[in-house]
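# Secondary and tertiary structure notes
What follows is the residue order along each chain.
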Amino acid sequence: MKPGSSHQGAGAFVSGVTLPSNTSEGWIKARTRLWEVAVTNAFGVHALVWTGGWEPEQAEFAISRTAAAGYDLIEIPALDPSAIDVDDTRARLEVHGLAATMTLGLTFATDINSEDAALVAAGRDTLTSALQVARGVGATHLGGVIFSAMDKYPGPGTAAARANSVAVIKELAQESARSGITITLEFVNRYESNLLNTVQQTLDYMDDVDEDNVVVHADVYHMNIEERGFRTPLLLAGDRLGYVHIGESNRGYLGQGTIDFEEVFGALADMNYQGPITFESFSSAVVDQHLSNTLAVWRNLWEDSMDLGTHAREFMASGMENARATAGSR
Ligand code: MN
């Protein structure tokens with residue numbers, strides 16, 4: 001299933017089929033149940049689970065492993081958009097039947113959350129390049145820490161810097177809408193941005209951007225640091241939530257840290273979240289020259305990408321399935 005596919009409802013499935021005359025109520029219920037299980041979320045994995053670069057052989061490895069592990073989409077980091085061979089990537093995605101999303105973080109040299117017009121212009125250029133690449137590979141979403149530098153700021157932000165960020169993101173959203181690309185704003189912890197650290201700040205910022213194709217991008221690793229829990233802020237985002245990162249508190253194997261995934265999946269099921277759910281994990285075993293140091297990936301949390309990736313796929317799918325089966329009971 002592609003991200004963005006909508007749940008048509010069990011009724012549409014049953015009413016669209018000519019049922020044999022001996023069809024039992026149990027058969028209908030079983031088929032309805034299959035439909036509901038089949039049409040849930042698209043599950044994705046960040047490419048850094050597999051590879052730290054995007055040379056053609058690295059792209060092939062990441063895309064083929066993502067498909068082999070049962071995922072619907074791969075999230076491709078585009079911190080340096082020019083490093084991505086658009087035609088090559090698009091062709092490999094098609095061969096393996098995968099959808100793609102694209103994320104990046106800006107730097108202090110390309111910071112649109114700044115009062116310095118030159119830095120804002122540089123950030124705008126980076127985002128424009130990223131959008132061209134996203135469009136070229138057929139990505140459905142473009143996002144990440146695109147509203148500010150992804151780095152530890154030396155102080156709090158200013159209203160003027162924020163206004164510059166809002167203006168650039170508004171323009172990016174309008175350009176993206178022409179290609180049907182959704183813009184995701186990934187609010188992150190205080191050590192990685194001084195602008196958006198919580199759902200509420202992201203909603204306020206989105207009000208100022210005021211474009212329909214901009215969504216909240218929630219990452220439970222960051223929420224674990226900044227929010228008072230998971231359920232309340234996720235429900236606060238409501239239907240403006242459009243992208244979810246699932247990661248453990250230590251960025252390693254799901255279930256081997258302190259994130260309350262029952263609460264996370266329970267909230268997503270209760271709000272009938274239907275967007276992509278993407279797994280992020282980082283280890284010193286796989287290093288991206290742009291990303292790993294920024295994210296402070298110093299330790300080896302795993303070696304075997306395939307074991308990690310298949311485990312995470314099952315963890316997320318069964319977590320969501322169980323939560324959907326008990327929706328409304330929390
Ligand atoms: Mn994330």
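## Describing the overall build of the protein
Looking only at helices and strands, the protein features 11 helices and 8 strands. When burial is assessed residue by residue, the protein has 47% of its 330 residues classed as buried. Across the protein, contacts joining residues at least 24 apart in sequence account for 79% of those joining residues at least 6 apart.

## Quick look at the nonpolar core
Core analysis: the biggest nonpolar cluster contains 92 residues, and Ile-74, Ala-100 and Leu-268 have the highest contact counts within it. Per-element tally for this core: the top contributor is helix 5 (residues 117–137), with 8 residues. Setting aside chain neighbours within four positions, we find Ile-74 in contact with Gly-44, Val-45, Ala-47, Ala-62, Ile-63, Thr-66, Leu-98 and Ala-100.

## Describing unusual backbone geometry
With a phi angle near 55°, Asp-210 is a residue other than glycine that sits in the positive phi range. By the secondary structure assignment, Asp-210 is in the loop between helix 7 (199–209) and strand 6 (214–219). Overall, Asp-210 belongs to the exposed group, with 10 C-beta atoms counted inside 10 Å. At Ala-296, a position not held by glycine, the phi torsion is positive, near 60°. One can find Ala-296 in the loop between strand 8 (277–279) and helix 11 (305–325). With 12 C-beta atoms packed within 10 Å, Ala-296 lands in the exposed category.

## Some words on helix 3 (residues 56–68)
The terminal C-alpha atoms of helix 3, which comprises 13 residues, lie 18 Å apart, in line with the 18 Å expected from a rise of 1.5 Å per residue. Backbone geometry just downstream of helix 3 places Gly-70 in the positive-phi region, at approximately 95°.

## Concerning the packing of helix 5 against helix 6 (residues 159–177)
Direction vectors running N to C along helix 5 and helix 6 enclose 20°, while the axes themselves pass 11 Å from each other. The orientation of helix 5 with respect to helix 6, classified from their angle, is roughly parallel. Between helix 5 and helix 6 lies a crossing whose hand is right-handed. For the pair helix 5 and helix 6, contact is made by Val-120, Gly-123, Arg-124, Leu-127 and Leu-131 and by Asn-164, Val-168, Leu-172, Glu-175 and Ser-176, respectively.

## Examining the environment of Arg-162
Here Arg-162 is to be found in helix 6. For the pair Arg-162 and Phe-147, spaced 15 residues apart in the sequence, the C-alpha separation amounts to 8.6 Å. In contact with Arg-162, other than residues within four places in its own chain, are Asn-113, Gly-157 and Leu-195.

## Things to note about the confidence of the model for the protein
Confidence in the prediction of the protein, expressed as mean pLDDT, is 91, and 88% of residues score 70 or more. Confidence over residues 1–20 falls short of pLDDT 50; this stretch has 25 contacts with residues more than four positions distant or in other chains. Considering only residues more than four positions removed or in separate chains, one finds that residues 33–38, a stretch of pLDDT under 50, has 4 contacts.

## What about the sheet that holds strand 7 (residues 241–246)?
Pairing within the closed barrel is parallel, and its 8 strands lie in the order 1-2-3-4-5-6-7-8. Taken over all neighbouring pairs, the strand axes of this sheet differ in orientation by 25° on average, direction set aside. Pairing between strand 1 (residues 43–46) and strand 2 (residues 73–77): 3 bridges, direction parallel. Counterpart to Val-45 in the pairing with strand 2 is Ile-74.

## Considerations on helix 4 (residues 86–96)
Listing the buried residues of helix 4 in full gives Thr-89, Arg-92 and Leu-93. On an axial view of helix 4, the arc spanned by its buried residues comes to 100°, and they lie on one face. More than 90 degrees from the buried face of helix 4, the exposed residues found are Asp-87, Glu-94 and Val-95. Contacts from the buried residues of helix 4 go to helix 3, strand 3 (99–106) and helix 5.

## Quick look at the packing of helix 4 against helix 5
The N-to-C vectors of helix 4 and helix 5 enclose an angle of 35°; their axes lie 8 Å apart at closest approach. For helix 4 against helix 5, the interelement crossing comes out right-handed. Together, Val-86, Thr-89, Arg-90 and Leu-93 of helix 4 and Val-133, Gly-136 and Val-137 of helix 5 make up the contact between the two elements. Classifying every residue of the contact of helix 4 with helix 5 by side-chain character gives 4 nonpolar, 2 polar and 1 charged.

## Things to note about the pairing of strand 5 (residues 182–186)
When you tally the buried positions in strand 5, you get 5 out of 5 residues, the bulk of the element. In strand 5, alternate side chains face the same way, and those of Thr-182, Thr-184 and Glu-186 on one face and Ile-183 and Leu-185 on the other are all buried. Relative to strand 5, strand 4 (residues 141–149) runs parallel, the two being bridged by 4 bridges. Note that in strand 5 the partner of His-141 across the bridge is Thr-182. Remark: the strand 4/helix 6/strand 5 crossover connection has right-handed handedness. Across 4 bridges, the pairing between strand 5 and strand 6 is parallel.

Parameters at a glance
- Residues numbered from 1 in each chain as written.
- Predicted model: local features only at pLDDT ≥ 70, side-chain atom pairs only at ≥ 80, totals over all residues.
- Helix = DSSP H or I, 4+ residues; strand = E, 2+ residues; numbered from the N terminus.
- Buried ≥ 20, exposed ≤ 12 C-beta atoms within 10 Å, placed from the backbone.
- Contact = placed C-beta atoms within 7 Å.
- Core = buried A, V, L, I, M, F, W, Y, C linked by C-beta atoms within 7 Å.
- Expected span 1.5 Å × (residues − 1).
- Axes fitted to C-alpha atoms, helices over the stretch in contact; angles between N-to-C directions.
- Parallel < 35°, antiparallel > 145°, perpendicular 65-115°, else oblique.
- Left-handed = near helix turned anticlockwise from the far one by under 90°.
- pLDDT = per-residue confidence, 0-100.
- Pairing = 2+ DSSP bridges.
- Arc of directions from axis to C-beta.
- Nonpolar A, V, L, I, M, F, W, Y, C, P; charged D, E, K, R; others polar.
- Right-handed = clockwise from strand over helix to strand, strands pointing away.

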